[in-house]
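Reading the structure
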Amino acid sequence: METDSFFWQLLKQLPETLFALLGLPTAEAAHYRFDSVEIKKSYRLDGLFVPTGSDLPVYFVEVQFRRARRFYANLFAKVFS
């Protein structure tokens, strides 16, 4: 993650932050691996929480600080690619 390195470092070092923001138990972070993922050299996701067990959801992280009309279209294009 080049452009959002602060948030990448934050979530890499304190993954429980995401779960606290979602209102979930912070202990859930122990069941996940966090990484920044590039998809076919076209898209870079800010972060991806991949569960270590198959019964848990995957969490896609995209940090956005300015208004972007096509934010959700862009996010879902990355996710569904």
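Residues numbered from 1 in each chain as written. Predicted model: local features only at pLDDT ≥ 70, side-chain atom pairs only at ≥ 80, totals over all residues. Heavy atoms only, no water.

Observations concerning the sheet that holds strand 2 (residues 43-51)
Strands in a sheet are paired, the pairing made by backbone hydrogen bonds, and the direction either parallel or antiparallel. The strand order across the open sheet built from 3 strands is 1-2-3, with neighbouring strands paired in antiparallel fashion. Both edges of this open sheet fall to strand 1 (32-39) and strand 3 (59-61), since each of them pairs with a single strand only. The mean inter-strand angle of the sheet, taken between neighbouring strand axes irrespective of direction, is 30°. Examined bridge by bridge, strand 1 and strand 2 share 7 bridges and lie antiparallel to one another. From the neighbouring strand, Val-37 faces strand 2, where its bridge partner is Leu-45. Of the strands in this sheet, strand 1, strand 2 and strand 3 touch helix 1 (residues 5-13), which is tilted by about 150° from strand 1. (Pairing = 2+ DSSP bridges. Helix = DSSP H or I, 4+ residues; strand = E, 2+ residues; numbered from the N terminus. Axes fitted to C-alpha atoms, helices over the stretch in contact; angles between N-to-C directions. Contact = heavy atoms within 4.5 Å.)

Some remarks on the environment of Phe-71
The residue Phe-71 is located in helix 3 (residues 71-80) in this model. When near neighbours in sequence (up to four residues on either side) are disregarded, Phe-71 contacts Glu-62 and Gln-64.

Comments concerning the packing of aromatic side chains
In total, this model carries 10 aromatic pairs according to the counting rule given. Consider the rings of Tyr-32 and Tyr-59, whose centres lie 5.6 Å apart with planes at 55°: the pair is tilted. Within this pair, whereas Tyr-32 is found in strand 1, its partner Tyr-59 is found in strand 3, the two being separated by 27 residues in sequence. Measuring from centroid to centroid gives 5.0 Å for Phe-71 and Tyr-72, while their planes differ by 75°, and the two rings are edge-to-face. Since its relative accessible area comes to 16%, Phe-71 is described here as buried. Counting every residue linked through ring pairs, the aromatic cluster contains Phe-19, Tyr-32, Phe-34, Phe-49 and Tyr-59. (Phe/Tyr/Trp six-rings, centres within 6.5 Å; stacked < 30°, edge-to-face > 60°. Buried < 20%, exposed > 50% of the residue type's maximum accessible area, 1.4 Å probe, protein only.)

Remarks on the pairing of strand 2
With 3 bridges connecting them, strand 2 and strand 3 associate as antiparallel partners. Along strand 3, the bridge assignment pairs Leu-48 with Phe-60.

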